[in-house]
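As a plain string of letters, each chain reads:
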Amino acid sequence: MHLDAVVRAAGTGAAAVAAEDPERLGFVTLAQFLGQLPALGVVHDGGNGQERLRWVEPSELEDPTPYLLDGEFLLTAGLPFVGEGGSEEAVDAYVQRLVQARVGALGFGLEPYFDAVPDAVVRACRQHNLTLVAIPESLPFAALGLEFSRLLESDNAKTFRQLADTSRQLMRAVLSARPEHELLAALVQRVPVWAVLVGADGRVRARGSGPSPAPRAAGGTAGTVPGVDSADLQPLLARLLAGSGPRVEMDSFDAAGSSLVFGYPLRSTRDANLGALILGTDAPLTPAQNSVVSTAVGLLELLVRQRISGSLAPSQLATALLLHPESVASGSARHVNGFKDLLAQSISSTRSGQLRVVQGVRIDAAPDTPKTAGAAGAAGAPDTPKTAGAAGAAGAPGRPGEAPVRALLEWRRLFDTKLVELTEYGFAAITRLKVDDALLADVERLGWRLVIGSSTDFANLPEAYRHAASLRNRVLTSRRSVRADDVTWSVAGLLGPAAGTLLAGRLLAPLLALEPERRDSLLGILRAWLGENGSWDATAKATGLHRNSVRRQIGIIAELLGLDLNQAQARAELWIALQYQDGPEMPGAPASAAQASSAAQASSAGQTPQER
């Protein structure tokens, strides 16, 4: 079976592309073989001494090529060249057929038919650049076959020892503090490739470059990979992360060390994409090297699976918090650091790494799938976890009817954390990621909107969750994701444009129903009056009206709205509503929330507009 095959690795779904026969791990080169037999005389060196010698095969047929494999050492005693077979044309045709069949070398036995290699054979081999070797009578063909078998067996044994050493090195890397990085370092040390580990989000997670594959590898910057720019790899990555099943994607680039680029998908047991390993080299890998690559891919797949779906840290953290909840606030430094370590392991971070609370609200329900209680939860329902049976609709990121476990694993994968909770409003997660625009777009394409909390630490996680929860209503009404860092922490800021516009439309409805000219006039006077804290004189000066006219217009507004404008709450609500109402501002009319607050304070103290 020829190579370019896809091989499953230890049941992990890992694949390897081989450049040679998979049944042979080691191989003998032509130069190695000739070096073991000094009695052989090289009549013409075709320059292929470092190429693989597949087998030593004797044949006296006029045309042995139908029975030969490429890379064989063909032995002949000269029978094909006896008689008419020794003519220039016949010899040239014979040698040309061997070259076309990719024979590695021609061995010419000097007995019993010839005591020297015929000149016609020498000329033909030189013309077609086929290695020609003279075999003395004292060296039987059988001895050549035995020597080749001995060399091949010795090389295979050496290869197995090297593979065992390499496997031990890879296993030590897996148990290190930075397993992915150490694993790639061990891989490129044993195999002449550059390597890049990419997550399911397309980001580079780890790199490895050998001693010489690509000049740019040593001085590469973020945004490049050894040998190939990240942008050039995007089509290959897209194929890897979009497909399914065991396979290898291949490409080729002009950059040094990148003539052959292989992409190996990393998959979960349910065939979900967890990332990819990309390797680049200038020469096909040997079977032994492909065996190392196959092992590395399998170990990386196990590491990624373990990070996403399996770890002891979350269960330890939950147990500690249930049994010793007081330790979070009043425990010793040792206890608190223990919590931090378990938390860091659960989100693939460090003890001092920053944390972020993310809450997800389902906006667009799939066809034939109810919107779920997520909408009610986002509007203020209690933050209680969903049961396993009810979580499917609110928590599932993809198709309807998906199991809660699958949804949970999908959110774990996307946010690279094990701390995810399915809730009434959707889900909540603690992650180390900043949640960039690319990840946000991926989540929104699934019909979800996010509240992305600010960076926080272990001690302030509850407060961070409350801050995020206070923004869920804004996400639900605006149908847009919100970053806590972008929110102005004021009444208007927290209310948001969608809810604010709704408030203004309802509270100011009687005014908005008037003729445009009358509507705009009354809204301008109301805005100016509230901005001047209900002062008749200041409002008259700001609007250019007489103070009695201002008093009369405010009375008309109060009657239309059905509100007592002596009350602080009524004034405050109108002021906030006006922030979301498009309309002309009266010249010089102040519009600060501080002034509105002062007006409310004056009103609450018992001052009426008439008294002012």
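Residues numbered from 1 in each chain as written. Predicted model: local features only at pLDDT ≥ 70, side-chain atom pairs only at ≥ 80, totals over all residues. Heavy atoms only, no water.

Trainee: Looking at this structure, I do not really get the overall build of the protein chain. What am I missing?
Mentor: A count of helical and extended segments in the protein chain gives 24 helices and 19 strands. Residue pairs at least 24 apart in sequence account for 64% of intrachain contacts in the protein chain once pairs closer than 6 positions are excluded. A total of about 28,800 Å² of accessible surface is found on the protein chain, and carbon and sulfur atoms cover 54% of it. (Helix = DSSP H or I, 4+ residues; strand = E, 2+ residues; numbered from the N terminus. Contact = heavy atoms within 4.5 Å. Areas by Shrake-Rupley, 256 points an atom, 1.4 Å probe, with all protein chains shown as cover.)

Trainee: Looking at this model, I keep getting lost on the packing of aromatic side chains. Mind explaining?
Mentor: Two numbers describe a pair of aromatic rings. These are the distance of the centres and the angle of the planes. Scanning all chains against the criterion turns up 13 aromatic pairs. Ring centres of Trp 411 and Trp 448 lie 5.1 Å apart, and the angle between their planes is 80°; this geometry places the pair in the edge-to-face category. Highlighted residues: Trp 411 in helix α14 (residues 404-415) and Trp 448 in strand β18 (residues 448-452), separated in sequence by 37 residues. Take Trp 448: its relative accessible area is 0%, and that puts it in the buried class. A ring pair is formed by Phe 415 and Phe 427, whose centres lie 5.9 Å apart and whose planes are at 45°; its orientation type is tilted. Taken together, the residues span a long stretch of sequence, with Phe 415 in helix α14 and Phe 427 in strand β17 (residues 426-431) at a distance of 12 residues. Judged by its relative accessible area of 0%, Phe 427 is buried. In this structure an aromatic cluster arises from ring pairing among Phe 33, Trp 55, Phe 73 and Phe 148. Above the plane of the ring of Tyr 425 lies Arg 472, whose end atom (NZ or CZ) is 3.7 Å from the centre. (Phe/Tyr/Trp six-rings, centres within 6.5 Å; stacked < 30°, edge-to-face > 60°. Buried < 20%, exposed > 50% of the residue type's maximum accessible area, 1.4 Å probe, protein only. Lys NZ or Arg CZ within 6 Å of the ring centre and 35° of its normal.)

Trainee: What exactly am I supposed to notice about the environment of Gln 234 here?
Mentor: Inspection of the secondary structure assignment puts Gln 234 in helix α7 (residues 230-242). Its relative accessible area of 41% is what places Gln 234 among the partly exposed residues. Remark: the alpha-carbon pair of Gln 234 and Gly 202, spanning 32 residues in sequence, is separated by 8.5 Å.

Trainee: Can you walk me through the sheet that holds strand β8 (residues 194-199) in this structure?
Mentor: Sheets are built from strands that pair by backbone hydrogen bonding, the pairs being arranged parallel or antiparallel. Read across the sheet, 5 strands follow the order β9-β8-β14-β13-β12 without closing on themselves; strand pairing throughout is antiparallel. Of all the strands in the sheet, just β9 (204-209) and β12 (249-251) have a single pairing partner and so form its edges. Neighbour to neighbour, the strand axes of the sheet diverge by 15° on average, direction disregarded. (Pairing = 2+ DSSP bridges. Axes fitted to C-alpha atoms, helices over the stretch in contact; angles between N-to-C directions.)

Trainee: I keep staring at the side chain of Glu 147 and nothing clicks. Help me out?
Mentor: Mapped onto the elements, Glu 147 comes out in helix α4 (residues 141-174). Using a relative accessible area of 15% as the deciding quantity, one classes Glu 147 as buried.

Trainee: How should I be thinking about the nonpolar core in this particular structure?
Mentor: Here is a general trend for soluble globular proteins: nonpolar side chains tend to be buried in one another's company. The biggest cluster of nonpolar side chains holds 31 residues, and the ones touching the most others in it are Leu 187 and Leu 277. Elements that contribute at least two residues to this core include exactly α4, α5 (179-190), β8, β13 (260-267), β14 (273-281) and α8 (287-309). Those residues in contact with Leu 187 that lie beyond four places of it in its chain are Leu 170, Ala 195, Leu 277, Leu 279, Val 292, Val 293 and Ala 296. (Core = buried A, V, L, I, M, F, W, Y, C linked by side-chain atoms within 4.5 Å.)

Trainee: Would you take a moment to explain a nonpolar patch on the surface for this structure?
Mentor: A surface patch of nonpolar side chains, amounting to about 260 Å² of accessible area, comprises Leu 79, Val 82 and Tyr 113. Mapped onto the fold, Tyr 113 is located in the loop between β6 (105-109) and α3 (119-128). (Patch = residues over 30% accessible without salt bridge, like charges linked within 9 Å, V, L, I, M, F, W, Y side chains within 5 Å. Salt bridge = Lys/Arg side-chain N within 4 Å of Asp/Glu carboxyl O.)

Trainee: Sorry, what's going on with unusual backbone geometry here?
Mentor: Excluding glycine, most residues fall at negative phi; most peptide bonds, likewise, are trans. Omega for the bond connecting Glu 111 with Pro 112 falls within 30 degrees of zero, at 10°, which places this linkage in the cis form. Relative to the elements of secondary structure, Pro 112 occurs in the loop between β6 and α3. Despite not being glycine, Asn 129 shows a phi value in the positive range, around 55°. For Asn 129, the position within the fold is in the loop between α3 and β7 (132-135). In this model, Asn 533 sits at a positive phi of 60°, which is unusual for a non-glycine residue. Within the secondary structure layout, Asn 533 lies in the loop between α20 (516-531) and α21 (536-543).

Trainee: Sorry if this is basic, but what is going on with the sheet that holds strand β5 (residues 72-76) here?
Mentor: The mixed open sheet is built from 5 strands, whose spatial order is β2-β7-β6-β5-β4. In this open sheet, the two edge strands, each paired with only one partner strand, are β2 (41-44) and β4 (55-58). Across the sheet, the mean angle from the axis of one strand to that of its neighbour is 25°, orientation sign disregarded. Its contacts with the sheet place α3 against β2, β6 and β7, and it is angled at close to 70° to β2.

Trainee: What is the right way to read the pattern of salt bridges from this model?
Mentor: Note that side chains of opposite charge can pair when their charged atoms are close. On inspection of all chains with the given rule, the structure shows 15 salt bridges. The salt bridge partner of Glu 88 is Arg 123, with a shortest N-O separation of 2.1 Å. Of this pair, Glu 88 sits in helix α2 (residues 88-100) while Arg 123 is found in helix α3, placing the two residues 35 residues apart along the sequence. On the accessibility criterion, Glu 88 (39% relative accessible area) is partly exposed. A residue is classified by how much of its surface remains accessible, and Arg 123, at 43% relative accessible area, is partly exposed. Residue Asp 437 is joined to Arg 483 by a salt bridge in which the shortest nitrogen-to-oxygen separation is 3.3 Å. Residue Asp 437 is located in helix α15 (residues 437-445), and its partner Arg 483 is located in strand β19 (residues 482-483); the two are separated by 46 residues in the primary sequence. Its relative accessible area of 59% is what places Asp 437 among the exposed residues. Classification of Arg 483 as partly exposed rests on a relative accessible area of 22%. Salt bridges sharing common partners tie together Arg 205, Asp 416 and Arg 432.

That is the geometry; function is a separate question.
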